Amino acid sequence: MSREIPLAPQHLPVLGHMARLMTGAPWDVMEGWLRERGPTLRFKIPGATYIASSDPEVVRHVLLANADNYVKDIRSMAPFLGLLGNGLLTSDGPLWKRQRATLAKAFRIDALRNVADVTRRAVDRSSAALDEHARRDEVVDVGALFRRLTLQVIAEATLSMTPEESDEVLPRLYEPLVAEANRRVWLPFRAHLPLPARFHYDRSLRELDIFLTAKIDHRWRQRQAEPGRRPVDMLDMLLVSLEGDPWTPATATLVSDEIKTMLFAGHDTSSAMLTWTLHTLTRHPESLAQLRAAADEAFVGDAMPDYETLKRLEYAGACLKEALRIYNIVPIVTRKAVAPDRFGDYPVPAGCLVMLHLQALHRDPNQWPEPDAFRPERFLGDAAGQAWRWLPFVNGPRSCVGQHFSLLEAKIVLSLLTQRFDFTPEPGNRDARHRFNVPVGPAGKIGVRVRRRG
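It should be emphasised that the depicted structure is a prediction, and the values quoted were computed from it without experimental measurement.

All right, on to unusual backbone geometry then. Here the amide bond leading from Gly38 into Pro39 is cis, since omega sits at 15°, within 30 degrees of zero. Inspection of the secondary structure assignment puts Pro39 in the loop between helix 2 (26–37) and strand 1 (40–45). Phi is positive for Glu370, which is not a glycine, with a value near 50°. Here Glu370 shows up in the loop between helix 16 (358–362) and helix 17 (403–420).

The following block contains the structure:
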């Protein structure tokens, strides 16, 4: 017999649960509800009812067992459509399947081998900047450091952009776009008001589209004129997949949307992951010492380790994964049911919005003993396989296609920087996370002072 899914507490007439959700970080509020009445419940906001769940069996059902029945919730992604277009993160159906196959090739092993060299060069440039900060005894904004570094990596890996071009163009265009898109998630009327931020957003988006379209068109013409001379980057791999197809404005737009998706997803999540990991390592000297010892074994002199050695930077990977579990830079994933379904005894009607609460799953003491403790060993050896309990890159057919890129890049960055520098955290650093932005970064700056190690 079917049972009605429990209703979250603090429901109000007309407003539903919206008033409570706006009093803090919404995913934190939901996590509290799930602790109290979960692991599966429903909540309401004006115009929509959601089922929220942190049950690993429900998560597995939605993302894998019956994945075809659960499509992306475009409503929740609407503020990011201008920034992402019809790229992999926003598309569904046949278009998504084609894009997924194409991008899987772009992120294949030979591309990842190239990323290691790109990342090393970016770390060398950041190290020179850190040396200057050390000389002046200046506080370093860790988030800004990693945003610039990861933008340089993804810009060179996707478009063969120089670091100077990346620094001049991308932060200026991307940061206001991402900030305004996040505001519109919770205040969608901002897109229709004559606010200065709206005009800045529209102008930045036009400039970004013009810039990327010009890059793509130039590369396409270059390929036709000199097929033997071309950069080996992800744009080239995308264009290879389109050989034989007519080159039209619609094709150029589709490629541009994929590049925009790579640039956004390839730096924002990586920089947040690195920021949180370094932040927590500065407070766990025993973990930092173990990470450095592993880095000293892998990186000797100026020689770059081979790809297999880089893949095996296991302790750095464990630190990154544990930080992702604790800080949850992507706290929720939302899907929409195409046809009726069931979660055990609970009916799921067609059209229902299902919110998979990854943060609550990652912090569930039944799944992770002492969930607030930073323990990288959870991800080492026999404990490394976490199946459906650890999902920062999602899982199943719609798992993040760039997760291996992101983790490899982050392992190299973290290993090299901690090998080269001592980081002393500022007393004001806090664990507080941004209330609304996704990926979820710190609410304030994470500051450190640096000193070159022996």
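Before going further, it helps to spend a moment on the side chain of Arg335. On the secondary structure map, Arg335 appears in strand 5 (residues 332–337). Leave out the neighbours within four places in its chain, and Arg335 touches Val62, Leu63, Tyr70, Val71, Lys72, Asp73, Cys352, Leu353, Val354 and Arg398.

At a closest axis distance of 9 Å, the pairing of helix 12 (residues 249–281) and helix 15 (residues 314–327) adopts a crossing angle of 100°. Viewed along their axes, helix 12 and helix 15 adopt a mutual orientation that is roughly perpendicular. Residue-level contacts link Met273, Leu274, Trp276, Thr277, His279, Thr280 and Leu281 of helix 12 to Cys319, Leu320, Ala323, Leu324 and Tyr327 of helix 15.

Throughout the structure, instances matching the rule amount to 10 aromatic pairs. An angle of 5° between the planes, with centres 5.2 Å apart, marks the rings of Phe43 and Tyr50 as stacked. Tyr50 shares its class with Phe43; the two are buried. An aromatic cluster of three or more residues is present, and its members are Trp368, Phe379, Trp390 and Phe393. Positioned above the aromatic ring of Tyr201 is the side chain of Arg184, whose terminal nitrogen or guanidinium carbon lies 4.2 Å from the ring centre.

Our next topic: the environment of Ala214. Note on placement: Ala214 falls in helix 10 (residues 196–225). Judged by relative accessible area, which is 46%, Ala214 ranks as partly exposed. Here the alpha-carbon distance between Ala214 and Asp68, two residues 146 residues apart in the chain, equals 36 Å.

Rules and cut-offs
Residues numbered from 1 in each chain as written. Predicted model: local features only at pLDDT ≥ 70, side-chain atom pairs only at ≥ 80, totals over all residues. Heavy atoms only, no water. Helix = DSSP H or I, 4+ residues; strand = E, 2+ residues; numbered from the N terminus. Contact = heavy atoms within 4.5 Å. Axes fitted to C-alpha atoms, helices over the stretch in contact; angles between N-to-C directions. Parallel < 35°, antiparallel > 145°, perpendicular 65-115°, else oblique. Phe/Tyr/Trp six-rings, centres within 6.5 Å; stacked < 30°, edge-to-face > 60°. Buried < 20%, exposed > 50% of the residue type's maximum accessible area, 1.4 Å probe, protein only. Lys NZ or Arg CZ within 6 Å of the ring centre and 35° of its normal.

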